[in-house]
Amino acid sequence: MATKLPQIAIIGAGIFVKTQYLPRLSEISDLFILKAIWSRTEQSATAAVEIARQNFPSVECKWGDNGLDDIIQDGSIAAVAVVLAGHNQVDISLRMLKAGKHVLQEKPAASCTSELKTALSQYKSISADAPGQLIWSVAENYRFEPGLVECKKLIADIGKMMSVQVIIEGSMNSSNPYFSSSWRRNFTGGFILDMGVHFIAGLRMLVGCEVVSVSAMTSHVDMTLPAPDNVSSVFHLENGCSGVFVMVVSSRSPKTLWRIVGLNGTLQVERGFQGKHGYLVTLYGVDGQSKSSFFPFSGVLEELKTFINDVSENSLKQKGSQFVAEHRLSFVEGARDVAVLEAMLESGARQGEIVHVKKF
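Now for a look at the structure at hand. Being a predicted model, the structure only gives us computed values, none of them experimental. Residue indices begin from 1 for each chain and proceed along its sequence in written order. Only residues with pLDDT of at least 70 get local features here, since the model is predicted, and only at 80 or more are side-chain atom pairs given and counted; chain-wide, interface and lining totals rely on the full set of residues. Only heavy atoms go into the side-chain values, all of them from the structure, while hydrogens and water stay out.

Take the pattern of salt bridges next. Salt bridge, as applied in this entry: a Lys or Arg side-chain nitrogen positioned within 4 Å of an Asp or Glu carboxyl oxygen. Summed over all chains, the structure comprises 19 salt bridges. Linking glutamate 302 and lysine 305 is a salt bridge whose minimum nitrogen-to-oxygen distance equals 3.7 Å. Highlighted residues: glutamate 302 and lysine 305, both in helix α9 (residues 299-316), separated by 3 residues, approximately one helical turn. Exposure is judged per residue with a 1.4 Å probe applied to protein chains only, and the accessible area is read against the type maximum: over 50% gives exposed, under 20% gives buried, and values in between give partly exposed. The exposure class assigned to glutamate 302 is partly exposed, which follows from its relative accessible area of 26%. Look at the salt bridges and you will find they share partners, linking Arg143, Arg204, Glu210, Glu333, Arg336 and Asp337 into a network. Secondary structure is summarised from DSSP: a helix means a run of H or I of at least four residues, a strand means a run of E of at least two, and numbering begins at the N terminus for each.

With that out of the way, let us pick up helix α2 (residues 42-52). Taken residue by residue, α2 has Ser44, Ala45, Ala48, Val49 and Ala52 as its buried positions. Buried residues in α2, looked at end-on, bunch into an arc of 130°, giving them a common side. α2 presents Gln43 and Glu50 as exposed residues on the side facing more than 90 degrees away from its buried surface. Contacts from the buried residues of α2 go to α1 (15-27), β2 (33-39) and β3 (60-63). Each direction from the helix axis to a C-beta atom contributes to the arc, which is the arc of those directions. Should any heavy atoms of two residues lie within 4.5 Å, those residues are considered in contact.

Our focus in this paragraph is empty space enclosed by the protein. In this analysis, the protein atoms alone were mapped onto a 1 Å grid. Cavities are point sets where a 1.4 Å probe fits without being able to get out; pockets are open sets with protein on both sides within 12 Å along at least five of seven lines; lining residues have an atom within 4 Å of a point. Grid points are joined across faces, edges and corners, and a volume is the space filled by probe spheres set on the points. All told, the structure shown has 2 cavities of 30 Å³ or more when counted by the stated rule. Its volume calculated, the largest cavity comes out at about 60 Å³. Lining the largest cavity, in full, are Ile8, Tyr21, Leu25, Ala79, Val80, Ala81, Leu104, Leu304, Phe307 and Ile308. Note on residue categories: nonpolar means Ala, Val, Leu, Ile, Met, Phe, Trp, Tyr, Cys or Pro, charged means Asp, Glu, Lys or Arg, and polar means any other residue, Gly included. In terms of residue class, the lining of the largest cavity is built from 10 nonpolar, no polar and no charged. Empty space within the second largest cavity amounts to approximately 30 Å³. If you go around the second largest cavity, the residues you meet are Ala339, Glu342, Ala343, Glu346, Val355, His356, Val357 and Lys358. Breaking the lining of the second largest cavity down by element, the ones donating at least two residues are α10 (331-349) and β15 (355-356). Sort the elements by how many residues they give to the lining of the second largest cavity and α10 lands first, with 4 residues. Each residue belonging to the lining of the second largest cavity can be placed in one class, and the counts come to 4 nonpolar, 1 polar and 3 charged.

This paragraph deals with the pairing of strand β13 (residues 277-285). Pairing between two strands is assigned when DSSP locates at least 2 bridges connecting them. Here 9 bridges tie strand β12 (residues 265-273) to β13, and the two strands are oriented antiparallel to one another. The residue bridging glutamate 270 from the neighbouring strand is leucine 280, located in β13. Hairpin connection, β12 to β13: the antiparallel pair is bridged by 3 residues, and glycine 275 has positive phi, about 80°. Sheet analysis places β13 next to strand β14 (residues 290-296), joined by 7 bridges and oriented antiparallel.

Here is the structure:
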């Protein structure tokens, strides 16, 4: 029997929707129907719909309060992708969940842990009243990047962990399309939180356990960026290992690196370019030999495909049977990333005092 394709809508029509969501969704257009794109303004919605219609000719254009209400009340729309300014996402996601729609929300999961706690409590009560299970996913493409997935598979080869290093030198300057994004400048934690959740997601995924406490120093050096724009932190993992997390929002020499040193070898994942942008994964063995493999980026495509598959499978599940959504997309995973960065920012504000990471 032919399965009915789920209909989805995109809430938001900014840079990331135009440059990532629409091109990636066009690669998996056989898995769903794109019903509508919404934005606050008609102009913004129309611009995104014009791009989308190259691959989704029947997509509808929605804007403003009335357009949002149309999507909420449209029973044929099974799921939405919420791709908005960070401080608006949770409210809109909860409205969509209340309307019985599955949600894929862009990261960060929320601006702080108090907002996360309230959101999870509301999600629990909405889910309790819902006739079926509602999926609330947070889009964290780093958990789906083939390079990081491969590194995770190799982690057992290096034996007991001794040290972990995460070095991030970003390129958030005036040539970056997100540099002038107003919400990121007025957001708690600014670019450190918005960008940093990616690297914490990578760290947590690779080590396979939680960060329990941090001690950090923060500073504000580049006055074209919101404060703070630098963080240097020592963190302690629940497996007893410790490590360092160093992030510079804007550097002249961008670098993204995770390095895990074990008793039997070292694993390193570094962003690079080999015809395409991606990650170079290197395993250094006890014999002094090293093996490297390069993996082009495809995390956004993989996370979108996974969410749409979850929505389809959820609709097919038998009454009474339990559906389990992909844990890498879960709202709780996104919450844990935010909690680590919030602890680092809090420690920085307290001149390096040890701060315990809130648990979710």
